[in-house]
Protein chains: 2
Amino acid sequence: MAGIHDVAKMAGVSASTVSNVINGRAGKMRAETRQRVLEAIEALKFTPNSAARQLKSGHNTTIGLIIPSVANPFWGAIAHQIEQATRKRGYRLLICNAERDPEVEQSYAETLIGSGVMGVILGSSPLNFDHLKDLIARGLQVAAFDQRARESGSGVACSVSVDQELGGLLSAQHLIGHGHRRIGILTGPVRTNSRIGRVEGVRIAHARAGIPFDESLLWQGGGVSGFGDMQGAELGRIGVRELLSRENPPSAIVCGNDMFAIGAYAGARDLGVSIPEELSIVGFDDIALSELVFPPLTTIRQPTAAMAEMVVDLLIHCLEEVGAPREDNFVNIRPQLIVRGSTGPARRRPNRE
Amino acid sequence: MAGIHDVAKMAGVSASTVSNVINGRAGKMRAETRQRVLEAIEALKFTPNSAARQLKSGHNTTIGLIIPSVANPFWGAIAHQIEQATRKRGYRLLICNAERDPEVEQSYAETLIGSGVMGVILGSSPLNFDHLKDLIARGLQVAAFDQRARESGSGVACSVSVDQELGGLLSAQHLIGHGHRRIGILTGPVRTNSRIGRVEGVRIAHARAGIPFDESLLWQGGGVSGFGDMQGAELGRIGVRELLSRENPPSAIVCGNDMFAIGAYAGARDLGVSIPEELSIVGFDDIALSELVFPPLTTIRQPTAAMAEMVVDLLIHCLEEVGAPREDNFVNIRPQLIVRGSTGPARRRPNRE
DNA sequence: GATCTATGGTGTATCGTAACACCAACTGAT
DNA sequence: ATCAGTTGGTGTTACGATACACCATAGATC
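One numbering rule holds for all chains: residues counted from 1, following each sequence as written. Chain labels run from A onward and ligand labels from 1 onward, assigned in the order the entries are written. The model is predicted, so local features are restricted to residues of pLDDT at least 70 and side-chain atom pairs to those at 80 or more, both for listing and for counting; the totals for chains, interfaces and linings are taken over all residues. Think of the side-chain values as coming from all heavy atoms in the structure, minus any hydrogens and water.

## Focus: the protein's contact with DNA strand D
Heads up, the condition is: Whether a residue is near a molecule or strand depends on its heavy atoms: if one lies within 4 Å, it is near. In protein, a polar contact means a hydrogen-donor-capable atom and an acceptor-capable atom, both N or O and within 3.5 Å, with residues adjacent in sequence counting only if both atoms are side-chain atoms; elsewhere, any N or O pair within 3.5 Å suffices. Helix numbers and strand numbers start at the N terminus; a helix is a DSSP run of H or I with at least 4 residues, a strand a run of E with at least 2. Basically, the charged four are Asp, Glu, Lys and Arg, the nonpolar ten are Ala, Val, Leu, Ile, Met, Phe, Trp, Tyr, Cys and Pro, and anything else, Gly included, counts as polar.
What surrounds DNA strand D is a group of 23 residues, the closest being Ser 14, Ser 16, Thr 17 and Thr 33 of chain A together with Ile 4 of chain B. In the interface set of DNA strand D, defined as its atoms within 4 Å of the protein, sugar plus phosphate atoms amount to 67%. Within the side chain of Ser 19 of chain B, an N or O atom sits 3.1 Å from a phosphate oxygen of DNA strand D. Taken together, the elements giving at least two residues each to the surface near DNA strand D come down to helix H2 (15–22) and helix H4 (50–57) of chain A together with helix H2 (15–22) and helix H4 (50–57) of chain B. With 4 residues, the top contributor of residues to the surface near DNA strand D is H4 of chain B. Of the residues that constitute the surface near DNA strand D, the class distribution is 8 nonpolar, 9 polar and 6 charged.

So, in C-alpha cells, the structure goes:
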C-alpha cells in the first residue's frame, strides 16, 4: 500500500505538498507541481488512509444511521434516501440495524463514536434517550427521526418527524367519516413515542366525534421483548384474524404501518372477509408497495424524501456550526391522508346482540 | 474525550497495561490490576479510538456490503441477515448503496479500503470486475454474492450464489408443465450475470421441451443507464401491460424478481386480467411479501439466511487465512421452486389469428 | 550468597496524515 | 541596493493505540 510519502518521493515534493493537493488547497502550489503529484497519485493508486487522516483531524465526514430494521421496506427506502442526501453533501453513511434494542443501539453508537462519527440519526423513536446520554455527553450529536424530541433535556440535537398524532387523527377521522364506529388498531408494542402518538391521535379522533374507543381493540404484536419491526406483515396477518374473531369485531382497522396493513390484507383473506366492503383498512407511511397491492391502500403519507434531506441538513448543520440547538432544529411535518381503495363506508353491521 | 492515557493515569498503571486489558491479554497482569483498570474505563466512559487502533494494526474488523438498492426488500433482508452474521463473528458491517453503477461501486470500494476495510461483499453481479481490479490488486478481498465467479482471473476471492440458470429453468419448466406455450419475461436490463443466467435458464427449458422462445416477449425495463432496482415493482406494472397488449400475448410470465411480480399483479389488474386464470406469474427470490400478496406468489426461493452465513464465513476465512482461494470458495446453491397460487394451467387461448 | 526465572509490568517507536510554523526565491517599488 | 509582499513550497510535530523490547522485583534453586 502506497502512503503519502511514496507519492511525495515519486513526484519529487514533500508530503505536505501532497497533502495540500489532496485537500484541494490548489492555491498553495504551481499547477505544474500539482499535475506531477496527481500523476504520481494515479500511478501509485494511492488512497488516503482515512484512519490516519481522522486520527489527526479528530473527526470525519461520516454519519451514522441507526434504524429498527432494514428488512422493512419503509426503513429501506429511508436509508436509501438518507444515504443519497448524505452523499450529496460529501458525507458518507454507516447504516446500522438495531431492532430498537437499547443495548444494541448503545453498542452501535459506541462503535460509531469510536470510529470517529460525531453525528447519528436515530430512527427508533425510543421513550427516552438515557441509553445514549453518556455518548451525547461525550459529544455525539443525535438527530431523532420519527419523533419530535420535545424536552431539550434529552440532549438530542435536532429532530425531524411527521406529526404522529395528527397522522393517527387523520386516519381515524377518515374512518369515522365513513360511518365506522368500532375501529381497531394493529400495531407493534406501543412503547415508542411514534406509536404512542399515532394511537393517541386515534383516541382524540374518537373523543372529538363523541365515540367511545374500545381499548380491547388495540392489538399489539411483537412479543414482550421485541418490537415487531422485522415481521410486521406477519403480525398484521395474525392480529387481524384475532380481532375479527371477536364477539363484536371492528369494521375498520388502523394499522401501525403499511406492512401491518399488507399483512392484514392476507389475514382478512384467510377469513374470507373482503376489503373494503366488509373491513376498511388504513395504513401508515405510504411505502411504494401501498399503491400496488389490491385494493390500493388508503394510508398516511410521510414525505420521506423531503424528511431525509431535512435531517441530514439539520444534523450536518449541528455538526459544523457548534452553536446551541435552536428551537427550529425540531421539525414537525404534517402528514397527509392518501385515500385509495382499502377504505369505504361501514356496512350495516349484522347485529349479533 | 478520554484517551488511553487518562485511563492509565486514573488506574495508576501505564498505557500499555490498559491496552493489554482492552485486548483481553488477561494473563499479563494481576486480576486486581485488571479490575482497577476496568473501573477506570467505566468511570471515564472510555472507548478505544478505532482510528488510532487500526492505524497501527493496519486493518480492522469491518467488512463492506455493496448492494444494488436497500429499497428493494430482497436486498433489505439480505443486508439484515448479512449484518447479523457479521456481528455474530465479531465484525461490523458497512452497508453501501451503489445502484449497480460501476463508478459508484468503485468509489465506495475505494472509500471502504481507505477506511481500512479489507473485505467487501458485492451483490450487483456485474459482467466483469474490471472496475475493482485495481482495488483487488491492492489487497481488497471481494466476495461475489448473486453470481458464481467462474474464471479465477477476475480476482474475486469467493462467491456464494444460487444457481441462477437452474432457477430460470425451474420456473419455466413449471409453466411449460402447465401447458403454457408463450412465456414472457419481465426483468431489468439483462446486463448482469444473474439476469443473464435466469433468462438463459428459461431458454433452456424451452429448448428441452421443444418449444420456441419468442425473443420479443423478453421485456427489459430500467432505462439505458439504470438497472431498475429501485423501481422494480413500477417496472413490472408497466411491462406486463405492454406484453399483454401485444397481438399475441403471453399466457405466463417469468419475473426477474418478486418485486417485478408484485408490480405485474397490479398491471394485470389494471387490464382486468385475472391471475392465475388468465395469466400465470412466477417470481424469483421468495421475499417475505410473496406469501402475503394475493394470490400468493409462485416463486423461486433463494435460501438467503443460509447464503448470508456462508458468504460471511467464506469472506472472513479469506481475510484471516491468506491462502490461495480454493475451488470450494465458490459455492453454487440449488434454488427451490415454491408453488403457490399465482400459476395454473394455461386456458385455451382465444385464437385471434 | 549468587544466579535464574517467572510475574507483572513500563517506555518508546510506530503507523499515515494534517496543521502549523517556517523559509527560499522571486517580483516590484522605492 | 534594500525591503515588503507574494508564491510555492518544506520540516516537524502531534494524533491515540499498539507491539515489542526491555526491566524491576520476588521467590526458587543451587
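## Regarding the pairing of strand E1 (residues 62–67) of chain B
If a strand is regular, its side chains alternate between the two faces of the sheet. All names here are of chain B. Operational definition: Throughout this description, buried means an accessible area under 20% of the type-specific maximum (1.4 Å probe, protein chains only), exposed means over 50%, and partly exposed covers the range between. Strands were regarded as paired on the criterion that DSSP finds at least two bridges between them. Throughout, right-handed denotes a crossover for which the path from the first strand over the helix to the second runs clockwise when the strands point away from the viewer.
For E1, the buried fraction is high: 6 of the 6 residues fall into the buried class. Alternating positions in E1 separate into two faces, Thr 62, Gly 64 and Ile 66 on one and Ile 63, Leu 65 and Ile 67 on the other, with burial throughout. In terms of strand pairing, E1 meets strand E2 (residues 92–97) through 6 bridges, oriented parallel. Bridged to Ile 67 within E2 is Asn 97. In this fold, E1 hands off to helix H5 (residues 73–88), which returns the chain to E2; that crossover is right-handed. Taken together, the 4 bridges between E1 and strand E3 (residues 119–122) define a ladder with parallel strand orientation. In the strand pairing of E3, Gly 64 is matched with Val 120.

## What about the protein's contact with DNA strand C?
Around DNA strand C, a shell composed of 25 residues is seen, among which Ile 4 of chain A together with Ser 14, Ser 16, Thr 17 and Thr 33 of chain B lie nearest. Sugar and phosphate atoms represent 67% of those atoms of DNA strand C found within 4 Å of the protein. A distance of 2.6 Å separates a phosphate oxygen of DNA strand C from a polar side-chain atom of Ser 14 of chain B. Only helix H1 (4–11), H2 and H4 of chain A together with H2 and H4 of chain B provide two or more residues apiece to the surface near DNA strand C. No other element matches the 4 residues that H4 of chain A contributes to the surface near DNA strand C. Looking at side-chain class alone, the surface near DNA strand C contains 8 nonpolar, 11 polar and 6 charged residues.

## Examining unusual backbone geometry
The phi torsion of most residues other than glycine is negative, and most of the peptide bonds are trans. Pro 295 of chain A follows Phe 294 of chain A through a cis peptide bond whose omega is -10°. Relative to the helices and strands, Pro 295 of chain A is located in the loop between strand E9 (280–282) and strand E10 (299–301). In this structure, Ser 125 of chain A takes a positive phi of about 55° despite not being glycine. Structurally, Ser 125 of chain A is set in the loop between strand E3 (119–122) and helix H7 (133–137). Looking at Ser 125 of chain A, the relative accessible area reads 1%, which means it is buried. For Glu 99 of chain B, which is not glycine, the phi torsion reads 55° and is therefore positive.

## Let's talk about the domain arrangement of chain A
Operational definition: Domain boundaries shown here were taken from an automatic or database domain assignment.
Under the domain assignment used here, chain A contains domain 1 (4–48), domain 2 (60–161 + 305–331) and domain 3 (164–302). Here the C-alpha centroids of domain 1 of chain A and domain 3 of chain A sit 60 Å apart.

## Considering the pattern of salt bridges
Here the idea is simple: oppositely charged side chains can pair when their charged atoms come close. Put simply, the rule reads: Salt bridge criterion: a side-chain nitrogen from Lys or Arg within 4 Å of a carboxyl oxygen from Asp or Glu.
Evaluated as defined, the whole model comprises 34 salt bridges over all chains. In this structure, Glu 309 of chain B and Arg 89 of chain B form a salt bridge, with 2.8 Å as the shortest nitrogen-oxygen distance. Taken together, the positions of Glu 309 of chain B in helix H12 (residues 304–320) and Arg 89 of chain B in the loop between H5 and E2 put the pair 220 residues apart, joining distant regions of the chain. In this structure Glu 309 of chain B comes out as partly exposed when scored by relative accessible area, which is 27%. The shortest N-O distance in the salt bridge between Glu 200 of chain B and Arg 203 of chain B comes to 3.6 Å. You can see Glu 200 of chain B and its partner Arg 203 of chain B sitting in helix H9 (residues 193–209), 3 residues apart, about one turn around the helix. Glu 200 of chain B sits in the partly exposed class, given a relative accessible area of 31%. According to the relative accessible area criterion, Arg 203 of chain B is partly exposed, its value standing at 29%. A single salt-bridge network, built from bridges that share partners, covers Lys 88, Arg 89, Glu 309 and Asp 313 of chain A.

## Thoughts on the environment of Trp 75 of chain B
Residues and elements named next belong to chain B. Stated formally: Here, residues are in contact when the closest pair of their heavy atoms is within 4.5 Å.
The topology assignment puts Trp 75 in helix H5. The spacing of Trp 75 and Thr 304 is 229 residues in sequence and 9.9 Å in space, taken between C-alpha atoms. Not counting residues within four places of it along the chain, the set of residues in contact with Trp 75 comprises Ile 67, Pro 68, Ser 69, Gly 123, Phe 145, Asp 146 and Asp 229.

## Some thoughts on the relation of the copies chain A and chain B
To keep things clear, this is the line we draw: Only residues with pLDDT of at least 70 in both copies count here: their C-alpha atoms drive the least-squares fit that superposes the copies.
Superposing chain A onto chain B takes a rotation of 180° combined with a translation of 0.0 Å along the rotation axis, leaving an RMSD of 0.1 Å. When the rotation and shift are considered jointly, the pair of chain copies conforms to a two-fold rotation axis. Ranked by how close their C-alpha atoms come to the rotation axis, the residues of chain A are headed by Ala 51 of chain A, at 2.3 Å. A high fraction, 100%, of the interface residues of chain A reappear at the interface in chain B, so the copies pair face to face through one surface.

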